[in-house]
Amino acid sequence: ENSSYPVMLTLMVPRESKSYRHIYFTCFLFLYLLILSINIRLISVIIMEKSLHEPMFMFLCNLCVNVIYGASGFYPIFLSNLLLDSYVISFHMCALQTFVIYSSLITEITILTVMSYDRYVAICRPLDYHSKLTKNTCLKLILLSWIIPNCYTVPAALLSNLRTFCKYHIDKLYCDNWSIVKLSCASSSFNNLLGYIIIVTLFSFVGVIIASYIKLIAACKSSLENRRKFWQTCFPHFLSLMNLIFAWLFGAMYNRYGANDIPESLRNFLSLELIIVPPVVNPLIYVLKIKAVRKKVFKSRIASRIHFSEVQKKC
């Protein structure tokens, strides 16, 4: 009798939000603009420079698009909550935010899996590289990296939201699937089953990446050129993967211990680490580590500044 479909849900209020609300807003707005600027710059350079029209950079461009997609599922809503000092979200907007964040995270691991296959073919089977990774094949792999995650996130979102609820407060700064499940009065058996399936799938992707790295390391032992390629192109990929795995671990720690066992500030960090760190760090890793990308990014930046100064002089 006490269960219903909620129209509005309440979110966790940041600590001392009354005093530091504008500081929080400024910091998170800066982070969001930083994520957008870095990733848009990288996408534009890859699109504009014909020398970067290769499979590895096509997949990197896809990774940047996914980062923007995932960040846009969190930051606009959180910034509006800070600006209005109202930590209330509609049920449908909460469901949409959950879907965007989860689909972005699963898409990221599928993209990293595709990128590991690209590096495996490039280093271990260089003669077959252009025949195996044609433009059509790359487009198919990019489409699959988006279709596969949505095959999991759409049923998960439906199972979580087509339920009756007994509670209306989410003890987190944003909506996620497990937080919504905990609001329900009904059994979460099907949600748990789907969660295990998603975990097994994610571990299988990680297994594919590990297998490709075993072969890559074996190939690098016999060739100095392969070692050079590995450090230039595979090492950024490895750092991105480690960054994502550690972010997942932080998120899992929050879901397991986030209720009352640790301080609120640490809980907020654990919950936001998955949203904040990978979108900022991953593009920077590729910009700073891959020489071809670094040169084009900084070259375009310098050229734009020179053009702007010339326009100013003419004015």
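Residues numbered from 1 in each chain as written. Predicted model: local features only at pLDDT ≥ 70, side-chain atom pairs only at ≥ 80, totals over all residues. Heavy atoms only, no water.

Turning our attention to the packing of aromatic side chains. For the coordinates displayed, the defined rule picks out seven aromatic pairs. Residues Phe 28 and Phe 78 carry aromatic rings whose centres are separated by 4.8 Å and whose planes lie at 75° to one another, so their mutual orientation is edge-to-face. With a gap of 50 residues between them, Phe 28 in helix α1 (residues 17–48) and Phe 78 in helix α3 (residues 75–84) connect regions that are remote in the sequence. An angle of 80° between the planes, with centres 5.6 Å apart, marks the rings of Phe 74 and Tyr 174 as edge-to-face. Pair noted here: Phe 74 is in the loop between α2 (55–72) and α3 and Tyr 174 is in the loop between β3 (169–170) and α7 (177–181), with a separation of 100 residues, a long-range link. Taken as a pair, Phe 74 and Tyr 174 share a single burial class, namely buried. Grouping aromatic residues by their ring pairs yields a cluster made of Phe 28, Tyr 32, Phe 74, Tyr 75, Phe 78 and Tyr 174. (Phe/Tyr/Trp six-rings, centres within 6.5 Å; stacked < 30°, edge-to-face > 60°. Helix = DSSP H or I, 4+ residues; strand = E, 2+ residues; numbered from the N terminus. Buried < 20%, exposed > 50% of the residue type's maximum accessible area, 1.4 Å probe, protein only.)

Here the focus is the confidence of the model for the protein chain. Of all residues in the protein chain, 79% attain a pLDDT of 70 or more, and the chain-wide mean is 78. Overall, residues 302–312 carries pLDDT values under 50, and its contacts beyond four positions in sequence, including any with other chains, amount to one contact. (pLDDT = per-residue confidence, 0-100. Contact = heavy atoms within 4.5 Å.)

A word on the pairing of strand β1 (residues 8–11). Going residue by residue along β1, you find Leu 9 and Leu 11 tucked away on one face and Met 8 and Thr 10 left uncovered on the opposite face. Both β1 and strand β2 (residues 88–90) contribute to a ladder of three bridges, which runs antiparallel. In the strand pairing of β2, Leu 9 is matched with Ile 89. Here two bridges tie β1 to β3, and the two strands are oriented parallel to one another. (Pairing = 2+ DSSP bridges.)

Position of Tyr 129 relative to the elements: it lies in helix α5 (residues 129–132). By relative accessible area, which is 9% here, Tyr 129 ends up buried. In the structure, Tyr 129 is positioned eleven residues away from Asp 118 in sequence and 8.3 Å away in space, judged by C-alpha atoms. Contact partners of Tyr 129, with chain neighbours within four places excluded, come to Pro 55, Met 56, Asp 118, Arg 119, Val 121 and Ala 122.

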